[in-house]
Amino acid sequence: MDTIAEKVFNFILEDKLLHQNILRELPADKRSAVTGRKGRLIVTGPEGGSFMMRLTPLGIFREDNDKDIRNEILMTDDTLIGILVWIAKLPNNPGISPRAAYVNGFLKISGESVLYDAEEIFNAMEKHAFAKMQPIARDAVAGMKQQKGAESAS
Amino acid sequence: MRRIIISALKGGTGKTTTTVNLGKALHRAGHKVGLLDVDATAPTLYKALGLAEAPQWDLDSVAANLLPFKIDGLYALTLASHYGESPAVLWDEPTLIRAMRELIHDVQWPELDYLILDSPPSSSGFMQALYDAVAGDVYGVVLVFQPTDIAVADLVRTLDFIKIKRVPVLGLIANMAYCIAPSGKQFWPFISPKAELGEVCEENGIPLLGEIPLTSAQNMIDAGFDRIASFMDDIKPLILKDSMLTKLYKAIAKRAVKTAIRRL
């Protein structure tokens, strides 16, 4: 069964049309500056995994080659779950926003221009991804609750 | 572009307020001025500029540079734009230093006459790295202190730090130097004994740039900073001479190196 991190990563890869639209909105010089960029998401823990991606004119694709990775995002699966809870906007659990997780040191972004790159990543996620990720975040949180219930019953 | 660091190893002396007021005064004097908040753990420059929230950063994605915002003729950039005001910044020191270097080197400022850096307090590794990052490319440091006994002790430490780092000094601003009664009389209402910063300056051979009163009358504060701004162009930055203690440390270090080499 897929881990929560794999589900999130697959969801990010899924909407190629959205990726293309985002790219199309950019001025030509900016578009060519970001096209071809590679990144890696590393989530540690049982619900984690390591995933590489590349931005192409046709959208974000899974990448196998770690050469010229520009940024790595590193967090534990607990932090990822905290972020999903924040995205799900649950009434009694605020979770943790990615920016707060980053500043508190729970989420690390590596790269040469770490402030610039982190800002660009957060901007893109806030503008284009978090609202769309709400259903998957709610599913993930509901799944975790069910699992916890089953564990405590047994 | 002349880079000025507003510095004090002691907190609460008014570095951020001085950064903004000196920037405004230099702008009124016809200069193009940028303000850079390098206080990573408590970035409050935007508050001193009168903003409720730090404006979101603009990014130049081609050059991968951060772009400052403009307010009242001043250009400014703060880390509060990046992560907001409320989260506690728990970055380790290497991350803080890397972020600071990026702020120093990778911001796309317009043509400026002055860039004023609002630095955090302390002599931590971060501050040492800040001084190292601007070394050779800084016009000078402006020290900001209150005239109290406690502040003087920290001022002496700050001066020693600057001597070791060999960064040029422009002078000292005595902030919250006195209060003004409705009658116009100057008075000192604080429990802490008043110290004469002028004497400390004289002893250490640095100019006292001005005394700023603790008052809500912004016109009086502006007048104080206008006076400082009027001679800013003419100040000759000076490298402070080593203190006896620093000379002693250097001699010890030199001897330790020689001994180590002999043992090799």
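Above this text you will find the structure in question.
Conventions and cut-offs
Residues numbered from 1 in each chain as written. Chains lettered and ligands numbered in written order. Predicted model: local features only at pLDDT ≥ 70, side-chain atom pairs only at ≥ 80, totals over all residues. Helix = DSSP H or I, 4+ residues; strand = E, 2+ residues; numbered from the N terminus. Rg over C-alpha atoms; globule rule 2.2 N^0.38 Å. Buried ≥ 20, exposed ≤ 12 C-beta atoms within 10 Å, placed from the backbone. Contact = placed C-beta atoms within 7 Å. Pairing = 2+ DSSP bridges. Right-handed = clockwise from strand over helix to strand, strands pointing away. Nonpolar A, V, L, I, M, F, W, Y, C, P; charged D, E, K, R; others polar. Core = buried A, V, L, I, M, F, W, Y, C linked by C-beta atoms within 7 Å. Axes fitted to C-alpha atoms, helices over the stretch in contact; angles between N-to-C directions. Expected span 1.5 Å × (residues − 1).

Participant: How should I be thinking about the overall build of chain A in this particular structure?
Facilitator: Assigned secondary structure in chain A consists of six helices and five strands. Traced from its N-terminal end to its C-terminal end, chain A shows the element sequence α-α-α-β-β-β-β-α-α-β-α. For a compact globule of 154 residues, the expected C-alpha radius of gyration is about 15 Å, and chain A comes in at 16 Å, within 12% of that figure. Taken along the three principal axes of its C-alpha coordinates, chain A extends 55 × 30 × 30 Å. By residue count, 24% of the 154 residues in chain A fall in the buried class. Counting contacts in chain A only where the partners sit at least 6 residues apart, residues at least 24 apart contribute 65% of the total.

Participant: Would you explain the pairing of strand β8 (residues 140-145) of chain B in this entry?
Facilitator: Two faces belong to every sheet, and in a regular strand the side chains alternate between them. Residue and element names in this part refer to chain B. Most of β8 is tucked away: six of the six residues are buried. Residues Gly140, Val142 and Val144 of β8 are buried on one face, and the alternating residues Val141, Leu143 and Phe145, pointing to the opposite face, are buried as well. In the sheet, β8 pairs with strand β9 (residues 169-174) via five bridges, with the strands oriented parallel. Residue pairing in the sheet places Phe145 in a bridge with Ala174 of β9. For the segment spanning β8, helix α6 (residues 149-165) and β9, crossover handedness is right-handed.

Participant: Even after reading the chapter, I still don't get the environment of Leu67(B), so can you show me in this structure?
Facilitator: All names here are of chain B. Counting through the fold element by element, Leu67 comes out in strand β4 (residues 65-67). Leu67 sits in the partly exposed class, given 16 other C-beta atoms within 10 Å. It is 31 Å that separates the C-alpha atoms of Leu67 and Gly224, two residues lying 157 residues apart in sequence. The contact partners of Leu67, leaving out residues within four places of it in the chain, are Asp58, Leu59, Asp60 and Gln108.

Participant: Got a minute to help me understand the interface of chain A and chain B in this structure?
Facilitator: Where the parts come together, the accessible area they lose is often given as the size of the interface. Taken together, the contact pairs 16 residues of chain A with 19 residues of chain B. For the side of chain A that touches chain B, the secondary structure elements donating two or more residues are α3 (28-34), α5 (98-103) and α6 (114-153) of chain A. For the side of chain A that touches chain B, the element with the most residues is α6(A), which contributes five residues. Looking at the side of chain A that touches chain B, its residues break down into eight nonpolar, three polar and five charged.

Participant: I tried to follow the nonpolar core on my own but got confused; where do I start?
Facilitator: For soluble globular proteins, nonpolar side chains are generally found buried alongside one another. Grouped together as the largest cluster of nonpolar side chains are 98 residues, with contacts concentrated most on Leu80(A), Met100(B), Ile116(B), Val142(B), Phe145(B) and Leu172(B). Apart from the residues lying within four places of it in its own chain, the contact partners of Met100(B) are Val38(B), Ala40(B), Phe126(B), Ala129(B), Leu130(B) and Ala133(B).

Participant: I tried to follow the sheet that holds strand β6 (residues 74-78) of chain B on my own but got confused; where do I start?
Facilitator: Either a parallel or an antiparallel arrangement is found when strands of a sheet pair, and the pairing is made through backbone hydrogen bonds. Residue and element names in this part refer to chain B. Taken in spatial order, the eight strands make up an open sheet running β5-β6-β2-β7-β1-β8-β9-β12, and their pairing is mixed. Where the open sheet ends on each side, the last strands, each with one partner, are β5 (69-71) and β12 (208-211). Taken pair by pair, the neighbouring strands of this sheet meet at an average axis angle of 25°, ignoring direction. As paired strands, strand β2 (residues 33-37) and β6 are joined by four bridges and run parallel to one another. Residue Gly34 lies in a different strand from β6, and its bridge partner there is Tyr75.

Participant: I'm lost on helix α4 (residues 77-88) of chain A in this one. Help?
Facilitator: Residue pairs spaced three or four apart in an α-helix point in one direction, given the helix's 3.6 residues per turn. Residues and elements named next belong to chain A. With twelve residues, α4 extends 16 Å between its outermost C-alpha atoms, agreeing within 8% with the 16 Å of an ideal straight helix rising 1.5 Å per residue. Regarding α4, the residues found buried are Thr79, Leu80, Ile81, Gly82, Ile83, Leu84 and Ile87. Contacts made by the buried residues of α4 are with α1 (4-14), β1 (38-44), β4 (69-76), α5, β5 (107-110) and α6. Of the residues one or two after α4, Lys89 is the one with positive phi, at around 50°.

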